[in-house]
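# Structural features, examined
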Amino acid sequence: LTHFSNVLALRSVEAKDPIILGTMPDEFRPIILAINGLIDKHQRAVEQQKQFVSEAAHELRTPLAALQIQIDNLESRPDDESRHAVLQELSAGIRRASAMVRQLLRMARLDVLLTTGTADIDLKELIVSVVSDFVLTSAKGGVELAMSIDQTANVRVCDADVRLLFTNLIDNAIRYTPPGGSVEVAIKQRGAATSIEIIDTGTGISPLALPRIFDRFYRAAPADIEGAGLGLAIAKKIAQRNKFQLSISNRLDRIGICAEVLIPAQTIQAGWNRDPAYGLRLS
């Protein structure tokens, strides 16, 4: 045991090899196997962190370089009118970089499994609140935003995380839907589970891109639509942590996307409370 303790104490934090059982008594084998499992989890967490830092540094390099170019252009402009145009571009670039940093921080927080605790959340109230936040945005973009609810239930979740999940999905739907299009958010019952669908008439996703849409920094959207490629990755992480099922597919009836969050029956706390079926048009 003294030899085993010394070997364990001298191991580097970067050590990846499992501890060899050797001649240890059988009674200690479960402990050593558990330690090896912990070592494996630690290494996977370290590798994930390294990959995240590397990807974040790579993705931030481009917007920061663009900001520097705009600053250089500002110094070379002789008149106030041309300076004002460059300042507007610079301001937009700072907003984009700030949005990416916020997304990176959210992704990092989710990676380390930090949480603010759970609470009984009324699903209908949460979705209505999130949809209401996008009324002005959708109207400004000429997108009709509608909502339909025929069921509601109380769900025990982390409110901030689940709000962010639906915020990202609805934001994507509106941003990728051209003027004159529509986005519908619907809460339905599917057997004993709860289904929340976000259906748009946007650009759709290439079948080749669909398998990668939840990858970090991967963007399947047209180049003229802003985004960091983290929104769906964050949504997927939140869904997994809350044991929701998140799926995104192209519509079969026309061009557009259907994003569905399926909440299993075991997550429902208070059972179904049937509301009178109603629709809410928010455009």
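Thresholds, definitions, all that
- Residues numbered from 1 in each chain as written.
- Predicted model: local features only at pLDDT ≥ 70, side-chain atom pairs only at ≥ 80, totals over all residues.
- Heavy atoms only, no water.
- pLDDT = per-residue confidence, 0-100.
- Contact = heavy atoms within 4.5 Å.
- Pairing = 2+ DSSP bridges.
- Helix = DSSP H or I, 4+ residues; strand = E, 2+ residues; numbered from the N terminus.
- Buried < 20%, exposed > 50% of the residue type's maximum accessible area, 1.4 Å probe, protein only.
- Salt bridge = Lys/Arg side-chain N within 4 Å of Asp/Glu carboxyl O.
- Core = buried A, V, L, I, M, F, W, Y, C linked by side-chain atoms within 4.5 Å.
- Arc of directions from axis to C-beta.
- Polar contact = N/O pair within 3.5 Å; in protein donor to acceptor, adjacent residues only side chain to side chain.

## Quick notes on the confidence of the model for the chain
Put simply, the chain has an average pLDDT of 76, and 73% of its residues get 70 or more. In this model, residues 269-283 is a region of pLDDT below 50 whose contacts with residues beyond four sequence positions or in other chains number 42 contacts.

## Some points on the pairing of strand E4 (residues 182-190)
Here strand E2 (residues 144-149) pairs with E4 via 6 bridges, running parallel. When the sheet's bridge partners are listed, Ser148 is paired in E4 with Ala186. Looking at chain direction, E4 and strand E5 (residues 193-200) are connected through 8 bridges and run antiparallel. Each bridged residue has a counterpart across the sheet, and for Arg190 the counterpart in E5 is Ala193. Adjacent in sequence and paired antiparallel, E4 and E5 are bridged by 2 residues, among which Gly191 carries a positive phi angle near 65°.

## Here's the deal with the environment of Val185
Mapped onto the elements, Val185 comes out in strand E4. Overall, Val185 belongs to the buried group, its relative accessible area being 0%. Each C-alpha atom of the pair Val185 and Ala173 lies 10.0 Å from the other, and the pair is 12 residues apart in sequence. Setting aside its immediate chain neighbours within four residues, Val185 contacts Ile127, Val131, Ala146, Met147, Ser148, Ile170, Ile196, Glu197 and Ile198.

## What to know about the pattern of salt bridges
The final tally for this structure, using the stated rule, is 6 salt bridges. Of the charged contacts, one joins Asp133 and Arg163 as a salt bridge, the two residues approaching to 3.7 Å between their closest N and O atoms. Of the two residues, Asp133 is situated in helix H4 (residues 123-133) and Arg163 in helix H6 (residues 159-175); the sequence distance between them amounts to 30 residues. Of the charged contacts, one joins Arg190 and Glu260 as a salt bridge, the two residues approaching to 2.6 Å between their closest N and O atoms. Here Arg190, found in strand E4, pairs with Glu260, found in strand E7 (residues 257-263); they are 70 residues apart in sequence, far enough to count as distant.

## Things to note about the nonpolar core
Within the largest apolar cluster, 42 residues are counted, with the highest numbers of intra-cluster contacts made by Ile127, Leu165, Phe166, Leu169, Ile196, Ile198 and Phe244. No other element matches H6, which puts 8 residues into this core. Once residues within four sequence positions are removed from consideration, Ile196 is found in contact with Leu123, Ile127, Phe166, Val185, Ala186, Ile187, Ala259, Glu260, Val261 and Ile263. Membership of the second largest hydrophobic core comes to 5 residues, among which are Phe4, Met24, Ile32 and Ile39.

## Focus on H4
By the burial criterion, the buried members of H4 are Leu123, Leu126, Ile127, Val130 and Val131. For H4, the angular spread of buried residues about the axis comes to 125°, placing them on one side. Exposed and oriented more than 90 degrees from the buried face of H4 are Glu125 and Asp133. A side-chain oxygen of the first residue of H4 lies 3.1 Å from the backbone nitrogen of Lys124; this N-cap is Asp122.

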